[in-house]
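So the chains spell out like this:
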Amino acid sequence: MKDVVFVVKSHERVDRFFDKTYSKIILKYGFDLSKVFVFVSLHSDVKLYSEKYKKINIIKAPKGVANVDNFITSFFSDKQKIIYMNDDVTCILELKENKLAKITKDKLLDVIDIMFSNMQLNGISYGGFYPVPNNMFMSGKKVTYNLCLIMDPFSFVINNKKVKITVSDKSDFEKSIQHFILCGALFRFNHIALRVEYYGTKGGFQGRTAKTESDTAKLMLQKYPNYISGINYKKGGKTSLRLKSIKPLKSIK
């Protein structure tokens, strides 16, 4: 944990961040505040966040999800260990005896060490947890290395400056694909998941519409035909991508 930094992207949610990720994750699990970096895109946010969070680092970044992601990649040195977090994570859950329970501090710190150690051992630069907290779906294989979706809300990165994000609506998918292309594998711990707001008026992905999601999904399908098999259209116009089932492209130790 000594060489790990914690990165949060936030936008006009100084109090929301305090109520969610800051209080329920950063403080609860005892993360070193001097190693927490919050990236904001407005000068007004720099002032507000700096006044409220005096012990953490507030960094001005460009506007736009993709631009912020690329700025963060360039901001830190290559191979820097980074834990990315959304600003509205409510809790981290682990599957125990087919039931979901909040993960303890000691267990989470152990998991973080295991994640980064495994990623370094196998030359993997991107890892994370199961996308949704559903004990039925999480009851399968505990660890996987195949092409899969690694979600932003709590993800593990060994900084790779070759990764360049081009879309905002489906940036999680693009990150997963690019890291898989570059390293031949991803690392996902399937018995742990998060509670977080992906959509909503107060948190999650604000500013997205059914049209922007659909347009981005089609663009991603065109750009990565070898890794995306299709588009799922959901209620309310939301979309998701179907990743192809691709095994690790190298042996795993």
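What you see is a predicted model, and the numbers here were worked out from it, not measured in a lab. (Residues numbered from 1 in each chain as written. Predicted model: local features only at pLDDT ≥ 70, side-chain atom pairs only at ≥ 80, totals over all residues. Heavy atoms only, no water.)

Draft legend 1. The arrangement of the pattern of salt bridges in detail. Evaluation of the coordinates by the stated rule reveals 12 salt bridges. In this structure, lysine 223 and glutamate 174 form a salt bridge, with 3.2 Å as the shortest nitrogen-oxygen distance. One end of the pair, lysine 223, is in helix α6 (residues 210-223); the other, glutamate 174, is in helix α5 (residues 171-183), and 49 residues separate them in sequence. We classify lysine 223 as partly exposed; its relative accessible area is 43%. The network of salt bridges with common partners includes Lys9, Asp69, Asp152 and Lys175. (Salt bridge = Lys/Arg side-chain N within 4 Å of Asp/Glu carboxyl O. Helix = DSSP H or I, 4+ residues; strand = E, 2+ residues; numbered from the N terminus. Buried < 20%, exposed > 50% of the residue type's maximum accessible area, 1.4 Å probe, protein only.)

Draft legend 2. Quick look at a positive patch on the surface. Together, Lys24, Lys28, Lys102 and Arg195 give the surface a local cluster of positive charge. Turning to its location among the elements, lysine 24 is positioned in helix α1 (residues 14-27). (Patch = residues over 30% accessible without salt bridge, like charges linked within 9 Å, V, L, I, M, F, W, Y side chains within 5 Å. Areas by Shrake-Rupley, 256 points an atom, 1.4 Å probe, with all protein chains shown as cover. Lys, Arg positive; Asp, Glu negative; His and termini not counted. Charge placed at Lys NZ, Arg CZ, Asp CG, Glu CD.)

Draft legend 3. Structural context of helix α4 (residues 105-121). Between the first and last C-alpha of α4 there are 24 Å, a value that for 17 residues agrees with the 24 Å anticipated at 1.5 Å per step. For α4, the elements touching its buried residues are β1 (4-9), β4 (81-85), β5 (89-96), β7 (126-130), β9 (154-158) and β10 (187-196). In the segment just after α4, glycine 123 is the residue with positive phi, at about 65°. (Expected span 1.5 Å × (residues − 1). Contact = heavy atoms within 4.5 Å.)

Draft legend 4. Geometry of the packing of α1 against helix α2 (residues 43-52). With their axes 10 Å apart at the nearest point, α1 and α2 run at an angle of 40° to one another. Taken together, the axes of α1 and α2 are oblique relative to one another. Every residue of α2 that contacts α1 at Val14, Asp15, Phe17 and Phe18 is listed here: Leu48, Tyr49 and Lys52. For the contact of α1 with α2, the per-class residue count stands at 5 nonpolar, no polar and 2 charged. (Axes fitted to C-alpha atoms, helices over the stretch in contact; angles between N-to-C directions. Parallel < 35°, antiparallel > 145°, perpendicular 65-115°, else oblique. Nonpolar A, V, L, I, M, F, W, Y, C, P; charged D, E, K, R; others polar.)

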